[in-house]
Amino acid sequence: MTGTTYDRQAAEDYRAAREIPRSGLEAWRTAVAAAARLGPGMTLLDVGAGTGAFAAAFHDWYGVEVLAVEPAEAMRALIPVSAAIRALDGRAEALPVEDGCADAAWFGSVLHYLSDLPAVARELRRVLRPGAPVLIRNAFPGRCDRDLRVRFFPETARLVDAYPSVGQVCTAFATAGFQQMSLRSLPQRSAPTLDAFARGLRRDADSKLRALSDEDYARGLARLHAAAAAAPTEPAVSWMDLLVLS
Ligand SMILES: C[S@@+](CC[C@H](N)C(=O)[O-])C[C@H]1O[C@@H](n2cnc3c(N)ncnc32)[C@H](O)[C@@H]1O
């Protein structure tokens, strides 16, 4: 699995380069609403919340309270805390929340950081109310061809090959009684054009791009610039999976 540490600069770079503009997440807003039926008075657990972009979106979209669990202090410091969004120091394997406190759990691009998926599943069984869904947004091996980074930097697919597969996740979560409800690939608009996407790329803020050799990175950038020149109005659309268990 991919390990990473975040200091203040890395956390700010992550926020600048990796947070998706809210307007580009409409398909995700609709899909999460369909999978979780969230509303005011409910609590969503955002595990590995990073800088809190999704925590803020979930509160704004659905009126839920959010418990944002994030182990990296520098990332946690950027979460927009409020009366409705609490930032908690903790890890998925030992969640710092009470039994039966949440109506849904969200894992946004965090699965590949987790060391013990059965332990995570046990924790979710403890903290989720009966029937509450686990919503996993992640790249999965063999299903990431439409990720923009994989399109232009195809060597990044090798890194995703080491991530937990859909089958491995379902097997691990089955040990705590969770079953797969759905698996969908969803688009996000990462930037209005490929050129804007290229200008916003920050290699240091992205574990997939960091893992490339300098030569592979340079070749990928050249591909991206060529595509941007050939299709100047093409929006930068990337796809990722939403796996729902309950
Ligand atoms: C790629 S970032 C994703 C952040 C955010 N969910 C998003 O979608 O923008 C992965 C986050 O997972 C956190 N993380 C790493 N190991 C973790 C663990 N064992 N439990 C919970 N979060 C973890 C990292 O500190 C980092 O903030």
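Because the structure is predicted, anything quoted here is derived from the model rather than measured.

What counts and how
- Every residue gets a number counted from 1 within its own chain, in the order that chain's sequence is written.
- pLDDT decides what is reported in this predicted model: residues at 70 or higher carry local features, side-chain atom pairs at 80 or more are listed and counted, and totals for whole chains, interfaces and linings draw on all residues regardless.
- Side-chain measures here rest on the full set of heavy atoms in the structure, leaving out hydrogens and waters.
- Being near a molecule or strand, for a residue, means having at least one of its heavy atoms within 4 Å of it.
- Pairs of N or O atoms within 3.5 Å make up the polar contacts considered here, provided that, within protein, one atom can donate a hydrogen while the other can accept it, and that residues adjacent in sequence are counted only when both atoms are side-chain atoms.
- Using the Shrake-Rupley algorithm and a 1.4 Å probe, accessible areas are obtained, with residue cover drawn only from the displayed protein chains.
- Gly counts as polar in this scheme, as do all residues outside two lists: the nonpolar Ala, Val, Leu, Ile, Met, Phe, Trp, Tyr, Cys and Pro, and the charged Asp, Glu, Lys and Arg.
- Think of a salt bridge as a Lys or Arg side-chain nitrogen and an Asp or Glu carboxyl oxygen that are within 4 Å of each other.
- The helix and strand labels rest on DSSP assignments: H or I over at least four residues marks a helix, E over at least two residues marks a strand, and numbering proceeds from the N terminus.
- Buried residues are those whose accessible area, probed at 1.4 Å on protein chains only, stays under 20% of the maximum for their type, while exposed residues exceed 50% and partly exposed ones sit between those limits.

K.L.:
Is there a simple way to think about the site of the ligand in this case?
P.N.:
Taken together, 18 residues form the shell around the ligand, and within it Y14, G48, E70, A92 and G108 come nearest. Interatomic distance of 2.7 Å between a backbone N/O atom of G48 and a nitrogen atom of the ligand. Within the side chain of E93, one N or O atom sits 3.0 Å away from a nitrogen atom of the ligand. Protein coverage of the free-state accessible area of the ligand, which is 600 Å², stands at 95%. Its residues placed into classes, the shell around the ligand shows 11 nonpolar, 4 polar and 3 charged.

K.L.:
Looking at this structure, I do not really get the pattern of salt bridges. What am I missing?
P.N.:
Side chains carrying opposite charge are able to pair once their charged atoms draw close together. Inspection of every chain in the model, using the stated rule, returns 17 salt bridges. Among the salt bridges present, the one from R202 reaches D13, with a minimum N-O distance of 2.8 Å. One end of the pair, R202, is in the loop between helix 9 (194–200) and helix 10 (207–210); the other, D13, is in helix 1 (residues 8–18), and 189 residues separate them in sequence. Note on D13: relative accessible area 15%, which makes it buried. When the shortest N-O distance is used, the salt bridge between R199 and D195 registers 3.0 Å. With R199 and D195 both in helix 9 and 4 residues apart, the pair spans about one turn of that helix. Judged by relative accessible area, D195 falls into the partly exposed class, the value being 35%. Here the residues in one salt-bridge network are R18, D147, R149 and D206, joined through shared partners.

K.L.:
Just checking my understanding: could you explain unusual backbone geometry for this structure?
P.N.:
Although it is not a glycine, R37 sits at a positive phi angle of roughly 45 degrees. Tracing the chain through its elements places R37 in the loop between helix 2 (26–36) and strand 1 (43–47). We classify R37 as exposed; its relative accessible area is 68%. In this structure, S109 is a non-glycine residue whose phi angle is positive, near 55 degrees. Relative to the helices and strands, S109 resides in the loop between strand 4 (104–108) and helix 5 (117–127).

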